[in-house]
Amino acid sequence: MSATAERLRPPSRTLMFLEGRAIQELGAFLGALPLLSLAPKGDGHPVLVLPGLVASDTSTRPLRSFLKNRGYAVSGWRQGRNLGLRDGVQRAMVDLVRELSDTHGRKISLVGWSLGGLYARQLAKMMPDRVRSVITLGSPFAGSPKATNAWRVYEMASGRRADENDGRFGGSLAETPPVPTTAIFSRTDGICAWQGCMEKPSARSENIEVESSHCGMGHHPAVVYAVADRLAQAEGQWAPFDRSGWRSIVYPDPNR
């Protein structure tokens, strides 16, 4: 881990307090559904959506329902609450990726919120022949595990140290997956240091910045549109997110 990553600190108490806006962001999502219907339609390929820490498939239902309506074969992770990498969790996720890929006869896209995004990246590294793309939402893969306001919750829920890295699960977290990868982050994230949620840009990886809370990221209208836009790309024809026109107003320049 770089010295810069080690120096990252969790978001301030003020930003943590502002996480309450996640409720308003859900309302904004519902109100924006007519506009979101203009998002690109999908090609029917399978999409697995992975929830964040202590959350379940209930938390990702708005996003999954929207993606299903856009034409994707969408699945939740089917393991109840995400309490970390306890016994059997990794194997169940690997089996589910295989099941979805085999059932549909196609590669699968992985969308992971927070801790779920860490899982998505590692699964793609382990199974690149079955994974089409990865999208992470506020996932702290590039910083210290303690550069979040949730690491103590993780340790209590999982029974594991936050800085414990299981090399058998895809290797280094910071390493970019070998498939098209999009990291969506917010500088006003009240749970994870935003710098640790950013990918190293390359020919097949990018960052998209939104103005969102952490707890509302899975249903924030700008996030939902960006996810749909990224998933709609034809397999093998990935290109970076286009911020031109009206998008430049909604999506800040992540390199500013």
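Residues numbered from 1 in each chain as written. Predicted model: local features only at pLDDT ≥ 70, side-chain atom pairs only at ≥ 80, totals over all residues. Heavy atoms only, no water.

S.K.: Can you walk me through empty space enclosed by the protein in this structure?
M.R.: Gaps between atoms show up when a probe of the same size as a water molecule is rolled over them. Inspection of every chain in the model, using the stated rule, returns 1 cavity of 30 Å³ or more. Surrounding the largest cavity, L8, P140, G143, S144, A147, A193 and G196 form its lining. Residue composition of the lining of the largest cavity, by class: 4 nonpolar, 3 polar and no charged. (1 Å grid on protein atoms, 1.4 Å probe; cavity = no way out; pocket = protein on both sides within 12 Å on 5 of 7 lines; lining within 4 Å. Points joined across faces, edges and corners; volume = space filled by probe spheres on them. Nonpolar A, V, L, I, M, F, W, Y, C, P; charged D, E, K, R; others polar.)

S.K.: How should I be thinking about a nonpolar patch on the surface in this particular structure?
M.R.: On the surface, a nonpolar cluster with roughly 230 Å² of combined accessible area is contributed by L26, L30 and L33. Mapped onto the elements, L30 comes out in helix α3 (residues 22-36). (Patch = residues over 30% accessible without salt bridge, like charges linked within 9 Å, V, L, I, M, F, W, Y side chains within 5 Å. Areas by Shrake-Rupley, 256 points an atom, 1.4 Å probe, with all protein chains shown as cover. Salt bridge = Lys/Arg side-chain N within 4 Å of Asp/Glu carboxyl O. Helix = DSSP H or I, 4+ residues; strand = E, 2+ residues; numbered from the N terminus.)

S.K.: Sorry, what's going on with the packing of α3 against helix α8 (residues 221-231) here?
M.R.: Angle between the axes and distance between the axes: these two values describe a pair of packed helices. Direction vectors running N to C along α3 and α8 enclose 45°, while the axes themselves pass 8 Å from each other. In terms of orientation, α3 and α8 fall into the oblique class. The segment α3 lies against α8, with E25, A28, F29, A32 and L36 engaging P221, V224 and Y225. Among the residues making up the contact of α3 with α8, the classes are represented as 7 nonpolar, no polar and 1 charged. (Axes fitted to C-alpha atoms, helices over the stretch in contact; angles between N-to-C directions. Parallel < 35°, antiparallel > 145°, perpendicular 65-115°, else oblique. Contact = heavy atoms within 4.5 Å.)

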